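Take a look at the letters that make up each chain.
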Amino acid sequence: REYPELDGIVPDHWEYVGDIVIVRMDPRCEPYKELIGRTYAEVLGAKTVCADVRGVSGEFRRPSMDIIYGTETESVRLENGIRYGFDVTKVMFASGNTDERMRMRNLDCTGETVVDMFAGIGYFTLPLAKFSGARRVFACEKNPESYGFLVRNVKDNEVSDVVIPILGDNRDLRGRAFADRILMGYVQTTSEFLPAALRMIRPGGIIHYHDTFYVNEYKEKIRGIFDGACGFDGYEII
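Every value quoted in this text rests on a predicted model; they were computed, and no experiment measured them.

Q: For this particular structure, what's the right way to read the pattern of salt bridges?
A: If the charged atoms of two oppositely charged side chains come close together, the side chains can form a pair. Evaluation of the coordinates by the stated rule reveals 15 salt bridges. In this structure, the salt-bridge partner of lysine 33 is aspartate 66, at a minimum N-O distance of 3.0 Å. Of this pair, lysine 33 sits in helix α1 (residues 33–44) while aspartate 66 is found in strand β4 (residues 62–69), placing the two residues 33 residues apart along the sequence. Overall, the relative accessible area of 21% leaves aspartate 66 in the partly exposed class. The shortest N-O distance in the salt bridge between arginine 103 and glutamate 100 comes to 2.8 Å. Placement of the pair is arginine 103 and glutamate 100 together in helix α2 (residues 98–106), with a separation of three residues, close to one helical turn. Several salt bridges converge on common partners, so that one network encompasses Glu15, Arg77, Glu79 and Arg101.

Q: Just checking my understanding: could you explain the sheet that holds strand β9 (residues 163–167) for this structure?
A: The pairing of strands in a sheet happens through backbone hydrogen bonds and is either parallel or antiparallel. On the basis of which strands lie adjacent, the open sheet formed by five strands has the order β9-β8-β7-β10-β11 and parallel pairing. The open sheet terminates on both sides in strands that have one partner only, identified here as β9 and β11 (201–209). Across the sheet, the mean angle from the axis of one strand to that of its neighbour is 20°, orientation sign disregarded. Sheet topology places strand β7 (residues 113–116) next to strand β8 (residues 136–141); four bridges connect them, and they run parallel. Considered in β8, the bridge of threonine 113 is made with arginine 136. Against the sheet, helix α4 (residues 144–156) engages β8 and β9, with an angle of about 165° to β9.

Analysis parameters
Residues numbered from 1 in each chain as written. Predicted model: local features only at pLDDT ≥ 70, side-chain atom pairs only at ≥ 80, totals over all residues. Heavy atoms only, no water. Salt bridge = Lys/Arg side-chain N within 4 Å of Asp/Glu carboxyl O. Helix = DSSP H or I, 4+ residues; strand = E, 2+ residues; numbered from the N terminus. Buried < 20%, exposed > 50% of the residue type's maximum accessible area, 1.4 Å probe, protein only. Pairing = 2+ DSSP bridges. Axes fitted to C-alpha atoms, helices over the stretch in contact; angles between N-to-C directions. Contact = heavy atoms within 4.5 Å.

Shown next as structure tokens:
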């Protein structure tokens, strides 16, 4: 074979984003990345192939992508009746959250006012706005690049009559006790934003609190976070 040194180290998994393919590449493949990119593009029918170098980082969760074939980095991912348009080199897409996005689609939010505190490109906002029956969704996003795709995706998915995109820090949102439901789709520092969520949620409302804990300790951890933030125990953890 022509390149025996690549045996066992070329990517054996990939992810489609429309007609863009993303691979995770062994550092030993670096000298052959153009060959690998061209080959994967030909075999998989992709217009662009990108190598995910270091995952996502920073407050805005920006991806670290190396374009190894092609030039076009914007595409559309079709999922559960939703069109997610974005640039794979500028905006992350958490493919592992498919089940949660489907759950948002299946919620019954008839007539509700919803606040998505970390809207991104519309990961949860779009399926909820299109299928749940929500009356209004305030979708807040701090990253200008993600916000630009959010605005576009709201229009492309025909939910402009439901969604109000907001560019800025969700802690600056005004109003008290007006939201029936709040989405907190963030991890690691979610608790820092809980006071704002508690200010906006109405009595009896629902907060979808996302974070990472061990399964056997999540209720204890969440209860400690809420007790510290609101000072009362009149809530239920589901």
